[in-house]
Protein chains: 2
Amino acid sequence: MSSKAPKDSPPTTERGRQRRNALLDAAQRLFLEHGYGQVSVNDIVAQAGGSLSTLYRHFGNKEGLFQAMIERRSHHIYDTLTADGVDELPIENALQRLGIDLLIKVMDEETLGIYREVVAESPRQPQLARLFFDGGPGRVRRALADYFDRRVQRQLMPAGDSIELAGIFLGMLLGEWHLIRVLQLESPPSRAAIEDRVTRCVDLFLHGVQGFPSSRRQ
Amino acid sequence: MSSKAPKDSPPTTERGRQRRNALLDAAQRLFLEHGYGQVSVNDIVAQAGGSLSTLYRHFGNKEGLFQAMIERRSHHIYDTLTADGVDELPIENALQRLGIDLLIKVMDEETLGIYREVVAESPRQPQLARLFFDGGPGRVRRALADYFDRRVQRQLMPAGDSIELAGIFLGMLLGEWHLIRVLQLESPPSRAAIEDRVTRCVDLFLHGVQGFPSSRRQ
DNA sequence: AAGATAGTGTAGTCTACACTACACATTGAG
DNA sequence: CTCAATGTGTAGTGTAGACTACACTATCTT
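Quick caveat, the model's predicted, so the values are computed rather than measured. (Residues numbered from 1 in each chain as written. Chains lettered and ligands numbered in written order. Predicted model: local features only at pLDDT ≥ 70, side-chain atom pairs only at ≥ 80, totals over all residues. Heavy atoms only, no water.)

**Some points on the overall build of chain A**
Part 1 of the argument: Counting its regular elements, chain A contains ten helices and zero strands.
Part 2 of the argument: Going through the 218 residues of chain A one by one, you find that 50% of them count as buried.
Part 3 of the argument: Pairs at least 24 apart in sequence give 67% of the contacts found in chain A among residues at least 6 apart.
Part 4 of the argument: Only carbon and sulfur atoms are counted for the fraction: they give 50% of the accessible area of chain A, which is about 10,500 Å². (Helix = DSSP H or I, 4+ residues; strand = E, 2+ residues; numbered from the N terminus. Buried < 20%, exposed > 50% of the residue type's maximum accessible area, 1.4 Å probe, protein only. Contact = heavy atoms within 4.5 Å. Areas by Shrake-Rupley, 256 points an atom, 1.4 Å probe, with all protein chains shown as cover.)

In structure tokens, the structure reads:
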């Protein structure tokens, strides 16, 4: 009958992919800066160039565009964090490296924006939650748990629920900081402050609070 | 001139306080269930009974009502958590008790709803962020840090940045769990699961990962 | 060169909703 | 008893914005 592709259509032509990406780029900029509810589809088209009809052909509706944007970004952001080649390092250094990389990413204004929007919209768009979690935080946790598992197998570490252990370590790293940055209560931490905190967390994770933190050794 | 009380007016009469509370109750139920943007002031008046004019007399506008509601709830929720009388317990038990109380509160659907709404709206309403943080999470962190300080003074614990330490411990407790519940990816944990996790966290916090977790002792 | 596929541009429809206006009722203090 | 404050109810007003319709153009394949 007619040429309808009501859902998310895979772009066939080169020009198609360009338009699609332009729309995603504009959506990303505007949604993350002003929030999903505050941005109209017309705003996005105005920013991206092109036409409203194209937007609807590609994404079906406003939610479809939003989800496509979130999925693209969650993957991209956490792609740099799969952290391989750390098996040769002592665990302190491995955790340190992963921690610093993670905190830098997570404290980044773009990442925070995605987090805010996902939290805000997930009650209405449950697929969004999965998209984000599996593409982002869940993958980091999985990667860290795998690292722990390998160490257990090499008998460098006691066995345990490695996925939970990974979650706890990641929780330590973010702790209060994440909330404070999400709510924009303080300005972003410096690189030095991040390194400092990660050191303290790694030490605490490995030795606990009763064995004096290494930052306190004189 | 006219009888204008454009901002948040202190209720003078008894009847006034009743109406005001009825509005706050309705706002709470609806905002937390459907989200700030999805609920109209007319919905709230319909739920609360009374009249639209009354709402505007009390709160000035929709945002004012929202903020009053959030402030009231943040305080109420975390009021049960100031956790005193723990100084006499061994630290394991003190942390255990506080951890369980906290996790139960934080995993509660109402608390999660407040968190979602604050995160969603704080970019547009920055006062909201402070209101929530200082009335809620910030107070818990402060209380725990004070507890650490007292222990340091009694030489039961090495000195350090107690506020950061408190933040890290709280981060361990919440870890992955909070995000998972915020995004509604899993159903609420049982009381037993909570106790289990808190035990593991306390142990890890005190002894680190290299001393086998207590849950692994046979 | 023809027809399919994708893109453009404009104009319009329909609905939702924050906020206001206004006329009237209730209450309680002095 | 009165007057000032407070609450009620209804009926707007104005605007914003998601989505559609439609007529037309550009590009690509065969």
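**Brief notes about the interface of chain A and chain B**
Part 1 of the argument: With 48 residues of chain A at the interface, the matching set in chain B holds 47 residues.
Part 2 of the argument: Counting each side, the surface lost to burial between chain A and chain B is near 4,300 Å², with a carbon and sulfur contribution of 66%.
Part 3 of the argument: One can count six salt bridges joining chain A with chain B.
Part 4 of the argument: The residue R141(B) makes a salt bridge to E176(A) at a minimum N-O spacing of 2.3 Å.
Part 5 of the argument: For the pair chain A and chain B, the number of links is eleven residue pairs in polar contact (both at pLDDT 80 or more).
Part 6 of the argument: Elements represented by at least two residues in the side of chain A that touches chain B include exactly α6 (109-121), α7 (126-135), α8 (137-153), α9 (162-182) and α10 (191-207) of chain A.
Part 7 of the argument: Of the residues that constitute the side of chain A that touches chain B, the class distribution is 27 nonpolar, eleven polar and ten charged. (Buried area = accessible area lost by both parts, 1.4 Å probe. Salt bridge = Lys/Arg side-chain N within 4 Å of Asp/Glu carboxyl O. Polar contact = N/O pair within 3.5 Å; in protein donor to acceptor, adjacent residues only side chain to side chain. Nonpolar A, V, L, I, M, F, W, Y, C, P; charged D, E, K, R; others polar.)

**Some thoughts on the protein's contact with DNA strand D**
Part 1 of the argument: Around DNA strand D, the surrounding shell holds 19 residues, and the nearest of these are V41(A), K62(A), S53(B), T54(B) and R57(B).
Part 2 of the argument: Of all atoms in DNA strand D that approach within 4 Å of the protein, 64% are sugar or phosphate atoms.
Part 3 of the argument: At 2.7 Å, a backbone N or O of V41(A) approaches a phosphate oxygen of DNA strand D.
Part 4 of the argument: R19(B) is positioned such that a nitrogen or oxygen atom in its side chain is 3.4 Å from a phosphate oxygen of DNA strand D.
Part 5 of the argument: With four residues, the single largest contributor to the surface near DNA strand D is helix α3 (residues 52-59) of chain B. (Near = heavy atom within 4 Å.)

**Remarks on the relation of the copies chain A and chain B**
Part 1 of the argument: Relative to chain B, chain A is turned by 180° and slid 0.0 Å along the rotation axis, the superposed coordinates differing by an RMSD of 0.1 Å. Between the two chains, the operation in question is that of a two-fold axis. Relative to the rotation axis, the C-alpha of G208(A) is the closest in chain A, positioned 1.9 Å from it.
Part 2 of the argument: In this assembly the copies share their binding face: 98% of the residues contributing to the interface of chain A also contribute to that of chain B. (Least-squares fit on C-alpha atoms with pLDDT ≥ 70 in both.)

**Focus: the protein's contact with DNA strand C**
Part 1 of the argument: Lining the immediate environment of DNA strand C, one finds 19 residues, of which S51(A), S53(A), T54(A), R57(A) and V41(B) sit closest.
Part 2 of the argument: Counting only the atoms of DNA strand C that lie within 4 Å of the protein, the sugar and phosphate share comes to 63%.
Part 3 of the argument: Here a phosphate oxygen of DNA strand C sits 2.7 Å away from a polar atom, N or O, in the main chain of V41(B).
Part 4 of the argument: Here K62(B) contributes a side-chain N or O atom positioned 3.0 Å from a phosphate oxygen of DNA strand C.
Part 5 of the argument: Secondary-structure elements contributing two or more residues to the surface near DNA strand C are α1 (14-34) and α3 (52-59) of chain A together with α3 of chain B.
Part 6 of the argument: Across the surface near DNA strand C, the residue classes tally to four nonpolar, eleven polar and four charged.

**Re the packing of α9(A) against α10(A)**
Residue and element names in this part refer to chain A.
Part 1 of the argument: Between α9 and α10, the least distance of the axes is 10 Å, while the angle of their chain directions is 140°. It follows from the interaxial angle that α9 and α10 lie oblique. In this structure, α9 meets α10 at a crossing whose hand is right-handed. Contacts between α9 and α10 involve L165, F169, M172, L173, L174, G175, E176 and W177 on the former and, on the latter, A193, I194, R197, V198, C201, V202, L204 and F205.
Part 2 of the argument: Residue composition of the contact of α9 with α10, grouped by class: 13 nonpolar, one polar and two charged. (Axes fitted to C-alpha atoms, helices over the stretch in contact; angles between N-to-C directions. Parallel < 35°, antiparallel > 145°, perpendicular 65-115°, else oblique. Left-handed = near helix turned anticlockwise from the far one by under 90°.)

**What about the packing of aromatic side chains?**
Residues and elements named next belong to chain A.
Part 1 of the argument: Considering all chains together, one arrives at twelve aromatic pairs over all chains under this definition.
Part 2 of the argument: Ring geometry for Y36 against F66: centres 4.6 Å apart, planes inclined by 45°, an arrangement best described as tilted. Note that Y36 is positioned in the loop between α1 and α2 (41-48) and F66 in helix α4 (residues 62-79), a separation of 30 residues in sequence. As far as burial versus exposure is concerned, Y36 and F66 are alike and both buried. (Phe/Tyr/Trp six-rings, centres within 6.5 Å; stacked < 30°, edge-to-face > 60°.)

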